[in-house]
Number of protein chains: 2
Amino acid sequence: MRTGIATVCLSGTLKEKMQACAIAGFDGIEIFEQDLVTSPLSPEQVRGMAADLGLDLDLYQPFRDFDGVTPDLLKANLRRAEAKFALMSRLGMDTILVCSNVATATIDDDGLRAEQLAQLAGLAGDHGINVAYEALAWGKYVNDYEHAYRLVEMVDHPNLGTCLDSFHILSRDWETSHIEAFNPEKIFFVQVADAPKLSMDVLSWSRHYRVFPGEGQFDLAKFMGHVVRAGYTGPVSLEVFNDVFRQSDVERTAVDAMRSLIWLEEQSAQWLAGNAPEGTPAAGGAHRRRYPMELATLPKVNEPAGFNFAEVKADDTAQLEKLLGQLGFEFEGRHRTKDVQLWTMGQARVIINEQAASHTEPSIAALGFDVDSPVIASARAQQLKAPVVARKVQADEEVFQGISAPDSTEIFLCQGSPDGTAAWTHEFGEGLEHHGAGTSAVIDHVNLAQPWQHFDEAVLFYTSALALEPQPFAEVPSPSGLVRSQVMETTDGAVRLVLNLAPVQQASGHKTYQEHIAFAVDDLVATARAARDRGLDFLQIPANYYEDLDARFDLEPGFLATLKELNLLYDRDADGEFLHFYTATVGSVFFEMVERRGGYNGYGAPNAPVRHAVQYDSLHP
Amino acid sequence: MRTGIATVCLSGTLKEKMQACAIAGFDGIEIFEQDLVTSPLSPEQVRGMAADLGLDLDLYQPFRDFDGVTPDLLKANLRRAEAKFALMSRLGMDTILVCSNVATATIDDDGLRAEQLAQLAGLAGDHGINVAYEALAWGKYVNDYEHAYRLVEMVDHPNLGTCLDSFHILSRDWETSHIEAFNPEKIFFVQVADAPKLSMDVLSWSRHYRVFPGEGQFDLAKFMGHVVRAGYTGPVSLEVFNDVFRQSDVERTAVDAMRSLIWLEEQSAQWLAGNAPEGTPAAGGAHRRRYPMELATLPKVNEPAGFNFAEVKADDTAQLEKLLGQLGFEFEGRHRTKDVQLWTMGQARVIINEQAASHTEPSIAALGFDVDSPVIASARAQQLKAPVVARKVQADEEVFQGISAPDSTEIFLCQGSPDGTAAWTHEFGEGLEHHGAGTSAVIDHVNLAQPWQHFDEAVLFYTSALALEPQPFAEVPSPSGLVRSQVMETTDGAVRLVLNLAPVQQASGHKTYQEHIAFAVDDLVATARAARDRGLDFLQIPANYYEDLDARFDLEPGFLATLKELNLLYDRDADGEFLHFYTATVGSVFFEMVERRGGYNGYGAPNAPVRHAVQYDSLHP
């Protein structure tokens, strides 16, 4: 698959954008006109730079408001087009995007439109230029991709074809299978964009909220499957207008963009393998037909089977050790070659890393996931352009395959074991003698704070590299603003990761943002009592909460009293019940203990505002 | 008018919110349930604190999903309500907001709804509580304020009335005049919120984009006029869910909120004075009838007649002096008692303030506006809670009435003169001898960068204190993100102020944001030539821009060559033409020279991306 990206997706100058696209590995780019008009580079310099960088200049865009106009306006439009064709010759470009008229069309007549497009195609032909005509979702008269294609067929000129843009098609819920019937020689260009499903006017949605494939909710694999079956072989190019990407680091956004196409390529191949063309038998036959476009594949991974460990880091780890000890974790000893400690409760393993630079407040540093094959999973992640994390190992020690997540958390791909143990724990020396049978526990979920510039990138990262599934996002009120919360899970819930996007910090800048690790136990009340007896500093839940809880759930008085006594929070839904409590925060980390009863599958969302408010209160005494 | 505000409008804890509301001068507050549930304060402590702060506790809210339910659910809902009534007694509160059912209603029958609301009203009566029933714009069966009122009439219970919320009514475009027919004793509460007109689902619009009155596009004066005519005398209370206000400084947001109610009160009185009730003669008669609600008025001001001066500040002003001199400004001398210089071109006056602290980069410090009466205008601004700016004056010097704008720019209210001169210029000593007849010029517009937390506040500030009119906002692409641009003008265009909201700065933090002052001249080409001859450092416009300009406008070649030679930008619309150029930036300031031909009324918006890109380029060489 030939990969492309429109310069409008990225921040910076044309030069910065082109360099970032080359570094990220794109085959070509679309030049968004404004990026050229505002650039000090001459067309010849742009052409030379593209050649030096190994970038094809695939599409010049957009040419607006051409068709369905009065004769006077047509004349001016043809003059304007000719100037652009001359410019494109200097750039060495051969394809221009013409989008359906939004502003100046006054005549709704396909015959007239075809006649005007034919004149444009003729002029383009004289300059060796191809016109890719696209239906904008909000075009005045032409807003349906099949309508645009019919016009192309009516004109029937070698220099006129259509451009298919997934946003303009999927935002209107047009049926995409009809693409398969298109003549591939008349599909001049394909643009892809994903988007969250929002109910707003389609123009605002398009201009602000597009995201890269895998970061939204469109079925792009199916769209691409139909495009491939139609026989299209040209570039598949990203055109994503996004308020955040326009502000973010250009090189990083380009890598995020490239990752989305690599992932889309794989998903499209999978869709094609799993979906026979209509009218042919589902198995054995035509769906094995080869299409001209080659779709590269990635090393395959399944969902992770669980968390292998979580790692916290600080230069002074005393508070972390104290908290874990009070929660009931056992100290299992120090690593034989590194300054790290292992603490466990059942199968929940926490590494305390003492190697942090001085003045490093406690924070979550790394997460280990159990995968079928760390080597294969790592190869996949690297093909998806995840940065590799180097970790020093000595002979005989387990080699951890590590990658860096968008928020810089280190992600280690570990060899899982059927019994939930981890071989590397033998690298740790003797710990303290265990003071009992030990509580059964696992890591239930981890909640990571995401920088606002990298939230969508993080969703795609965990989707593509770790096969986690994004759930519908929620918004939680906090005293310092709404917190956007995105759950990424495995189908069986064995891995649950919560990505939180905190409100933009105020200039006055209290650190209002915290991350946490939650552990699931079988008997939360017993765990809480034991922790209290060990002197744990619980997050203090206001009495008002328990009154409201009782008003909502009509709880048994003894149970309510226990919740209140132990600072436990409670939730209930049709599937089951959820009990949980939080520790105080050290640095940017706190811990949560949870008990899931029945089929409860949530995170106590109604209680999240209480947690935020109490944590805020403790920072604003 | 009794003023109120819901705690959900503000950031922080309940305690912080209450204190801020008291400081801002509100009569009462609505307690948003979540703020109480998450608070460590007991209901009795909240009651005591409100009493100490002089705040009435006007409304407890919201109580959701009560009506139209099955018998089982009704029982649970009544139990839940009774718990809240008991809580309200502890708070000393007597009114609860019950909003129409969104989630759990399954029976669409007004008879049943009325029966269930009657039960609720009866239970409320037992506790001395009044229920204010409100139609949410997205209520499952009840989403129209007249429907809610009909139910209240059907039930006809002394403890059941309705709550009117301007957002739920105006977002649905319901006709508001019908409010006048309501029995005022059945209107238990009135909530007001403004909003920009957006086309998106009404729930998202409501939850994220509400703003304070005067910051959006709803006709709230008319809404309030009908409410007043109905005979309502209770609190008029703000309920504004806004993502930015939730993150902003609580005390400042509370003052912004209070300002919006003071302004709304005045606007409502004006609407009442200008709009006779239907069915009565327009003049003389019933519209002079007094309504029970007293509406306070403000000192009246007209639009400013023009800019009196602009002031720039730095600790080293050499670069500013050089730029102004090259543009053709004349040095008119130093002030006799202060370290400030006066520079003029025609009636455009620029004060260069040398009194800045060391290491202060050049920036725009103050703007003077010509008003009919500075004293009256200042009194109005102060009643609107604008902070006063103190400026030291000596005997015989003109006293400047100053207020501080939300972005800290000092705004001075000056005595205008019919001939456009300013008396205070005589306080300046002798300047250099003038080298010619002098160019005729005025300040055309000023463009100020606004911090993202205070953008809406700034719109209301200039609307209410200076009688500027907000125009539809625009978004301009720049290499570091979209720039939101809001023009505030007088009807005659004599004062034009552009408020720009820059993209949130990246952590890497180049200063990408700049402000400028634009001067209008009669002959821009001559001005530019003279400036070039004096060595002015023009903002360098890319050659690509002129090619695109020619493609768009088919310009006369000689004219195009002149534009290109002098780095002039050009725009044209149905009303006229616009020529302009920019200087390089010093500190955070640059200057623009413009020539308006014909009735051109814009700002060269199509050229703004070029300006942003070139300025960005100069910061990223």
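Just so it is clear, the model here is predicted, and its values are computed rather than measured. (Residues numbered from 1 in each chain as written. Chains lettered and ligands numbered in written order. Predicted model: local features only at pLDDT ≥ 70, side-chain atom pairs only at ≥ 80, totals over all residues. Heavy atoms only, no water.)

> Explain the environment of Phe85 of chain B here, please?
Residue and element names in this part refer to chain B. Residue position: Phe85 is located in helix H4 (residues 71–91). With relative accessibility at 1%, the residue Phe85 sits in the buried group. Through-space distance from the C-alpha of Phe85 to that of Gly125 is 9.8 Å; in sequence the pair is 40 residues apart. Beyond its immediate stretch of four places on either side in the chain, Phe85 contacts Ile96, Leu120, Leu123, Ala124, His127, Ile129 and Val131. (Helix = DSSP H or I, 4+ residues; strand = E, 2+ residues; numbered from the N terminus. Buried < 20%, exposed > 50% of the residue type's maximum accessible area, 1.4 Å probe, protein only. Contact = heavy atoms within 4.5 Å.)

> Any chance you could explain the domain arrangement of chain A here in plain terms?
How big an interface is tends to be stated in terms of the accessible area lost upon association of its parts. Residue and element names in this part refer to chain A. With domains assigned, chain A is organised as domain 1 (2–288) and domain 2 (306–619). In this structure, domain 1 and domain 2 have C-alpha centres spaced 43 Å apart. Summed over both partners, the interface of domain 1 with domain 2 comes to about 1,600 Å²; 58% of that surface belongs to carbon and sulfur atoms. Considering only the side of domain 1, the residues that lose the most area to domain 2 are Arg252, Arg259 and Trp263, jointly responsible for 41% of the buried surface there. For the interface between domain 1 and domain 2, the tally reads seven residue pairs in polar contact (both at pLDDT 80 or more). The element contributing the most residues to the side of domain 1 that touches domain 2 is helix H10 (residues 250–274), with nine residues. Split into classes, the residues belonging to the side of domain 1 that touches domain 2 amount to nine nonpolar, five polar and five charged. (Domains from an automatic or database assignment. Buried area = accessible area lost by both parts, 1.4 Å probe. Polar contact = N/O pair within 3.5 Å; in protein donor to acceptor, adjacent residues only side chain to side chain. Nonpolar A, V, L, I, M, F, W, Y, C, P; charged D, E, K, R; others polar.)

> Explain the nonpolar core here, please?
Among soluble globular proteins, nonpolar side chains are generally buried collectively. Formed by 374 residues in total, the largest nonpolar core has its most connected members in Tyr462 of chain A together with Tyr462 of chain B. When near neighbours in sequence (up to four residues on either side) are disregarded, Tyr462 of chain B contacts Ala405, Ile411, Leu448, Ala467, Leu468, Met488, Leu497 and Leu499 of chain B. (Core = buried A, V, L, I, M, F, W, Y, C linked by side-chain atoms within 4.5 Å.)

> Help me understand the pairing of strand E7 (residues 187–192) of chain B, please; the structure alone is not making it clear to me.
Residues and elements named next belong to chain B. Burial runs high along E7: six of the six residues are buried. Of the strand pairs in this sheet, strand E6 (residues 160–165) and E7 are connected by four bridges, and their pairing is parallel. Paired with Cys163 across the two strands is Phe189, which belongs to E7. Of the strand pairs in this sheet, E7 and strand E8 (residues 235–238) are connected by three bridges, and their pairing is parallel. By the bridge assignment for E8, Gln191 is matched with Ser237. (Pairing = 2+ DSSP bridges.)

> Where do I start with the relation of the copies chain B and chain A in this structure?
For the match of chain B to chain A, the screw axis carries a shift of 0.0 Å, the RMSD comes to 0.0 Å, and the turn is 180°. What we have between these two chains is a two-fold relation. Distance from the rotation axis, computed per C-alpha, reaches its smallest value in chain B at Met200 of chain B: 1.8 Å. (Least-squares fit on C-alpha atoms with pLDDT ≥ 70 in both.)

> Could you clarify how one ought to interpret the UniProt feature "binding site: Mg(2+)" (unreviewed entry) in chain A in this entry?
Residues and elements named next belong to chain A. According to UniProt, the "binding site: Mg(2+)" (unreviewed entry) feature falls on His445, His516 and Glu592. A maximum C-alpha distance of 9.2 Å is found for the annotated residues, which run over 148 residues; spatially they form one tight group. The residue His516 is located in strand E22 (residues 515–521) in this model. Look at His516 and you get buried, because its relative accessible area is 2%. With residues near it in sequence (within four places) discarded, His516 still touches Ile364, His445, Val446, Asn447, Tyr582, Phe590, Phe591, Glu592 and Arg611. Relative to the elements of secondary structure, Glu592 occurs in strand E25 (residues 589–598). Excluding its chain neighbours within four sequence positions, the residues that come into contact with Glu592 are His445, His516, Ile517, Ala518, Phe519, Phe578, His580, Phe581 and Tyr582. Of the polar contacts made by the side chain of Glu592, one reaches the side chain of His445; its length is 3.2 Å. (UniProt positions renumbered as here; feature names shortened; annotations may be inferred.)

> How should I be thinking about the interface of chain B and chain A in this particular structure?
Taken together, the 58 residues of chain B in the interface contact 59 residues of chain A. Buried surface at the junction of chain B and chain A, both sides included, amounts to about 4,400 Å², of which 49% is carbon and sulfur. Three residues stand out in chain B for area buried against chain A, namely Arg79, Gln247 and Asn544 of chain B, and they jointly supply 13% of the buried area on that side. Along the contact surface separating chain B from chain A lie eight salt bridges. The partner of Arg90 of chain B in a salt bridge is Glu547 of chain A, with the nearest N and O atoms 2.6 Å apart. If you look at where chain B meets chain A, you find 27 residue pairs in polar contact (both at pLDDT 80 or more). For the side of chain B that touches chain A, the elements supplying multiple residues, two or more each, are helix H2 (33–37), H4, helix H8 (202–209), strand E19 (474–478), strand E20 (481–489), helix H15 (543–553) and helix H17 (608–619) of chain B. The element that contributes the greatest number of residues to the side of chain B that touches chain A is H15 of chain B, accounting for seven residues. When the residues that make up the side of chain B that touches chain A are grouped by side-chain class, the tally is 23 nonpolar, 18 polar and 17 charged. (Salt bridge = Lys/Arg side-chain N within 4 Å of Asp/Glu carboxyl O.)

> Can you walk me through the sheet that holds strand E6 (residues 160–165) of chain A in this structure?
Strands in a sheet are paired, the pairing made by backbone hydrogen bonds, and the direction either parallel or antiparallel. Residue and element names in this part refer to chain A. Taken in spatial order, the eight strands line up as E1-E2-E3-E4-E5-E6-E7-E8 and close into a barrel, and their pairing is parallel. Direction aside, the axes of adjacent strands within the sheet are offset by 30° on average. Pairing of strand E5 (residues 130–134) with E6 involves three bridges; the strand directions are parallel. By the bridge assignment, Tyr133 is partnered in E6 with Thr162. (Axes fitted to C-alpha atoms, helices over the stretch in contact; angles between N-to-C directions.)

> What am I meant to see in the state of the cysteines here?
Cysteine pairs can be covalently joined through their sulfur atoms, and such a bond is termed a disulfide. This model, assessed by the stated rule, comprises zero disulfides over all chains. Counting only cysteine sulfurs, Cys163 of chain A is the nearest neighbor of Cys99 of chain A, a cysteine outside any disulfide, at a range of 9.2 Å. (Disulfide = S-S within 2.5 Å.)

> Quick question: what am I supposed to make of the UniProt feature "binding site: a divalent metal cation" (unreviewed entry) in chain A here?
Residues and elements named next belong to chain A. Following the UniProt record, one finds the feature "binding site: a divalent metal cation" (unreviewed entry) at Glu134, Asp165, Gln191 and Glu239. Maximum C-alpha separation among the annotated residues is 13.1 Å over a sequence range of 106 residues, consistent with a single clustered spot. For Glu134, a relative accessible area of 2% corresponds to the buried category. Residues contacting Glu134, with those up to four places away along its chain left out, are Leu97, Val98, Cys99, Ser100, Ala148, Cys163, Asp165, His168 and Gln191.

> What exactly am I supposed to notice about the packing of helix H4 (residues 71–91) of chain A against H15 of chain B here?
Each pair of packed helices can be summarised by the angle the axes make with each other and by the distance between the axes. Their axes nearest at 7 Å, the elements H4 of chain A and H15 of chain B cross at an angle of 155°. Overall, the two elements H4 of chain A and H15 of chain B adopt an arrangement that is roughly antiparallel. Crossing of H4 of chain A against H15 of chain B: the hand is right-handed. Where H4 of chain A approaches H15 of chain B, its residues Arg79, Arg80, Ala83, Lys84, Leu87 and Arg90 of chain A are matched on the opposing element by Glu547, Asp548, Asp550, Ala551 and Arg552 of chain B. The class makeup of the residues in the contact of H4 of chain A with H15 of chain B is three nonpolar, no polar and eight charged. (Parallel < 35°, antiparallel > 145°, perpendicular 65-115°, else oblique. Left-handed = near helix turned anticlockwise from the far one by under 90°.)

> Quick question: what am I supposed to make of the sheet that holds strand E15 (residues 401–404) of chain A here?
Residues and elements named next belong to chain A. Here eight strands make up an open sheet; going across it, the order is E10-E11-E12-E9-E13-E16-E15-E14 and the pairing mixed. In the strand order of this sheet, the two ends are held by strand E10 (330–334) and strand E14 (388–389), each with one partner. As judged from the seven bridges shared by strand E9 (residues 306–313) and strand E13 (residues 363–371), these two strands associate in the antiparallel manner. Looking at the pairing, Lys313 lines up with Ser363 of E13. Along the sheet, helix H11 (residues 318–327) contacts E9, strand E11 (340–345) and strand E12 (348–353); its crossing angle with E11, the most-contacted strand, is approximately 20°.

> Can you walk me through the pattern of salt bridges in this structure?
Close approach of charged atoms allows side chains with opposite charge to pair. Under the definition given, this model contains 50 salt bridges over all chains. For Asp550 of chain B, the salt bridge goes to Arg79 of chain A, with nearest N and O atoms at 3.8 Å. On the criterion of chain membership, the pair formed by Asp550 of chain B in helix H15 and Arg79 of chain A in helix H4 is interchain, its members lying in two chains. As a salt-bridge pair, Arg334 of chain A and Glu354 of chain A come within 2.5 Å of each other at their nearest N and O atoms. Note that Arg334 of chain A is positioned in strand E10 and Glu354 of chain A in the loop between E12 and E13, a separation of 20 residues in sequence. Take Glu354 of chain A: its relative accessible area is 22%, and that puts it in the partly exposed class.

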